[in-house]
Amino acid sequence: MNKVYKFFIGILTLCLLLFVGQKKLNEKAKDQDSKNIYFYNWGDYIDPEIIKDFEKETGYHVIYETFDSNEAMMAKVEQGKTSYDLAFPSEYTVEMMRDKNLLKKLDHKKIKGLENIDERFLNLSFDPNNQYSIPYFWGSFGIIYNNKKYKKEDFSSWKNLWDKKFEGEILSFDGARETLCIGLLANGKSLNEKDEKILRETKDDLVGFMKNVKAILADEIRMYMAQGEADVGITFSGEASMAKEINPNLSYAIPKEGSNIWFDTMVIPKTSKNTKGAYALINYLLKPKVAAKNADYVWYPTPNKKAMKYIDKEARNDKTLYPDDEDIEKLEVFKNLGKETTILYNDLFLDLKISPQAD
């Protein structure tokens, strides 16, 4: 009986030790999680010194991962294998992630610096009252051109790009929404058009435009334009501004019909395990001097109005980065068009890429 008693006491003691050990391991892991911030951003889209300064100031450790498309980012967040604490989707992706219940609602009481954001860039259609997102960078979509060969008037309308004088001259951005947007705006339509008949007519009309396209590219447009290897490029304002820094013979235009205004934003995914850390990083990035330093590094326009006085003077005065109110009023945000319409846009764009010279 005594041996049995001792055996059970031994078993209970062992179980208690295992429980205590496991508890300590869990507490250690939990403590580690409270110090780590899993940060999911576009490549080269934050000044590395800002991360180092943030870590030094707060004691957090930032684990930085990058993505190259909104779709890839959203798919990985949805899979949930990595619990990202902060992600940076574009405006229409915020809508999609919200509808898929992938985002946490922001607690504005925990955000310090939201008042620093320009009111024009708050409470927009893709996220009313900024319930899920805060603007990080913004910009426009337009035309960069060789100002020694062409005048601004040559790009006063998107429809001008159908002119035969541009044959083999244009580098066009590799994106379905962006390409269809050119045709839609040229014909007085919204860049968020959903009517299938209009979209198919637009695709047919874009065949004439595609005959003038030299190549369909992405970030490479900046390099080719900067090196003078092309005379017309259709790309985003930040890319255009960087090309202009290298090549002074370049200018940027937003046609009279308007264009796209885009936003990359800060959101907290639903799977975040360190929401406190996410808010700490958001608040740090909203500081005017930090936002200015970041904008000078990335060379994209910041929505942080209180950062403007600290931004590089040359950038601040660059109308490509910071267009006049008149131009901003002509810009339209891409909206989430739904799965079926998105597939249609992609299919129509693929048709254009496969047979650009079709009659």
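Here the structure is a predicted model, which means the values were calculated and not measured.

Chemist: Sorry if this is basic, but what is going on with the pattern of salt bridges here?
Modeler: Side chains carrying opposite charge are able to pair once their charged atoms draw close together. Following the criterion strictly, the structure yields 20 salt bridges and no others. In this structure, Asp53 and Lys293 form a salt bridge, with 3.5 Å as the shortest nitrogen-oxygen distance. Taken together, the residues span a long stretch of sequence, with Asp53 in helix H2 (residues 48-58) and Lys293 in helix H10 (residues 288-298) at a distance of 240 residues. Since its relative accessible area comes to 30%, Lys293 is described here as partly exposed. When the shortest N-O distance is used, the salt bridge between Asp325 and Arg120 registers 2.6 Å. Linking Asp325 in helix H12 (residues 325-328) with Arg120 in the loop between helix H4 (91-99) and strand E4 (134-146), this pair joins segments that are 205 residues apart in sequence. Here Asp325 falls in the partly exposed class, since its relative accessible area comes to 46%. Salt bridges linked by common partners bring Glu49, Asp53 and Lys293 together as one network.

Chemist: Help me understand the side chain of Ser259, please; the structure alone is not making it clear to me.
Modeler: Considering the arrangement of structural elements, one finds Ser259 in strand E9 (residues 259-266). Side-chain polar atoms of Ser259 contact the backbone oxygen of Phe141, separated by 2.4 Å. The residues touching Ser259, leaving out its near neighbours within four places in the chain, are Phe141, Gly142, Trp158, Leu185, Leu191, Ile254, Lys330, Leu331 and Glu332.

Cut-offs used in this document
As a convention, each chain's residues are numbered from 1 in the sequence order in which they are written. A pLDDT threshold of at least 70 governs which residues receive local features in this predicted model, and a stricter bar of 80 or more applies before side-chain atom pairs are shown or counted, although totals over entire chains, interfaces and linings include all residues. Remark: hydrogens and water are excluded; side-chain values derive from all non-hydrogen atoms of the structure. For salt bridges, the criterion is a side-chain nitrogen of Lys or Arg within 4 Å of an Asp or Glu carboxyl oxygen. Strands are runs of DSSP state E lasting at least 2 residues, helices are runs of H or I lasting at least 4, and numbering of each runs from the N terminus. For each residue, the accessible area found with a 1.4 Å probe, counting protein chains only, is set against the maximum for its type, and the residue is called buried under 20%, exposed over 50%, and partly exposed in between. Definition of a polar contact: a pair of N or O atoms within 3.5 Å, with one able to donate and the other able to accept a hydrogen when the atoms are protein atoms, and with sequence-neighbouring residues admitted only if both atoms are side-chain atoms. Any two residues having at least one pair of non-hydrogen atoms within 4.5 Å are treated as being in contact.

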